[in-house]
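The lines below spell out each chain.
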Amino acid sequence: MLTTNLEGERPGFVTHLECSLTGERYEADRLHGLSAAGRPLLVRYDLAAAGKALSRDTLDARPTDLWRWRELLPVRRTESIVSLGEIETPLIPIPMSGGANVLVKDEGRLPTGSFKARGLVMALAMAKELGVTKIAMPTNGNAGAALAAYATRAGIETVVFCPDDTPEINVREIAMQGARVYRVNGLIDECGAIVGRGAAEGLWFDFSTLKEPYRIEGKKTMGLELAAQLGWRLPKAIFYPTGGGTGLIGMWKAFAELEALGWIGSERPKMFAVQASGCAPMVRAWEQGEEHAERWEDAHTVAAGIRVPKAVGDFLILRAVRESGGRALAVGDPAILEATADCAAQDGLLLCPEGGATLAAYRMALQHGWVKPEDEAVLFNCATGLKYPMPDTSRTLDQAALPDLATL
Ligand SMILES: *Cc1c(COP(=O)(O)O)cnc(C)c1O
């Protein structure tokens, strides 16, 4: 058995890239941003050949990290990969605050403390493979941190733009990990406009969500991993905190690829796209039956990672949610904070606010009968709760004048 999946070369099966809106084909192994139609590009594989090279048994025998899935990933050369230890994340039951059939996929265990590592380790490997030397990105925090870490390790220069109220810890970790980070008096899409402008001037490569094709492939591993962890089946429902939607789109793609390989059947989980009431463009579009979502004005929520007023992959998110029979739903900040506090106090698991939003949404779905208590549901906690402010409920003691210790 291999002790690491990063020894030696593994065959690649990418055939081409494809516009997610028009289906127009693009050559593999060349640097691409958005398609000519201004939409995300999706990576396509020769799955028949991949299925011959790889079986579920081969996979089961490999170490469980992200690189176990190499044949279903775009990186051609092992030397392109800059790894910080992308482990398989655990499924944690939360029987008290969630219920008997609720599992949290705890993505906070990944490098840089969030699942942005999955997308960026892949995008960075491809950038290195394709000769990129300078990258810029807008971020609400976690993506910038993951980019900074991997790019620094790869020797690629990075400039990161974040809204000026981005949590202090994110801004500092981005800087410590070697990126030049700017606070901008605007929201993430406005930071993205600055990145786009510099890219048009040829100053750097644009790494915005879904504007390069490979982050989806990294995020796709959440869906692959989930199927393997559950013994090659999927849960009844998935609750995903949705900003740009990379993970939801990626998982939906993963399920299709697994079915094409014959490793799972045609059943799919209901996909619940969870947003905050203060920034819910997908929910509004879903409710109005629209295929695209309009920008959400005056976006605000404690869950910074899902404060995304406008998403370039909006139609892909809405399509997946509709095809799955799920829904887009919004929860308010008070419900988010309450769910986060309950999970920590009752189940000992500290969620990030975006993760708390999925628990609040699960509770709402249960109330409305959109899921049943006996349905297995997976909630995505996409970052460690330790990165976020916590209420101070500490008490003080004077060691020179201690009270009766039985009262403590
Ligand atoms: C980025 C982020 C999200 C949203 O992820 P998308 O795939 O961009 O929708 C959710 N939670 C956390 C903690 C994040 O950092």
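Described in the following lines is the structure provided in the data block.

What counts, and at which threshold
- Residues numbered from 1 in each chain as written.
- Predicted model: local features only at pLDDT ≥ 70, side-chain atom pairs only at ≥ 80, totals over all residues.
- Heavy atoms only, no water.
- Pairing = 2+ DSSP bridges.
- Helix = DSSP H or I, 4+ residues; strand = E, 2+ residues; numbered from the N terminus.
- Axes fitted to C-alpha atoms, helices over the stretch in contact; angles between N-to-C directions.
- Buried < 20%, exposed > 50% of the residue type's maximum accessible area, 1.4 Å probe, protein only.
- Contact = heavy atoms within 4.5 Å.
- Polar contact = N/O pair within 3.5 Å; in protein donor to acceptor, adjacent residues only side chain to side chain.

Digging into the sheet that holds strand β10 (residues 237-241)
Reasoning step 1: Taking strand neighbours across the sheet as the criterion, the 6 strands line up as β4-β5-β13-β10-β11-β12 in an open arrangement whose pairing is mixed. Edge positions in the open sheet fall to β4 (91-93) and β12 (327-331), since each of these has one partner strand only. Direction aside, the axes of adjacent strands within the sheet are offset by 30 degrees on average.
Reasoning step 2: Taken together, the 5 bridges between strand β11 (residues 270-276) and β12 define a ladder with parallel strand orientation. Note that in β12 the partner of F272 across the bridge is R327.

Quick look at unusual backbone geometry
Reasoning step 1: The residue D29 is not glycine, and still its phi comes out positive at about 60 degrees.
Reasoning step 2: Relative to the helices and strands, D29 is located in the loop between β2 (25-27) and β3 (41-45).
Reasoning step 3: On the basis of relative accessible area, D29 is assigned to the partly exposed category, the value being 41%.

Re the environment of T166
Reasoning step 1: With respect to the secondary-structure elements, T166 resides in the loop between β7 (157-163) and α5 (168-176).
Reasoning step 2: Owing to a relative accessible area of 4%, T166 belongs among the buried residues under this scheme.
Reasoning step 3: Residues T166 and R284, spaced 118 residues apart in sequence, show a C-alpha to C-alpha distance of 25 Å.
Reasoning step 4: Not counting the four nearest positions on each side in its chain, T166 is found in contact with T139, N140, G141, V171 and R183.
Reasoning step 5: Looking at T166, its side chain comes within polar contact range of the main-chain oxygen of P163, at 2.6 Å.

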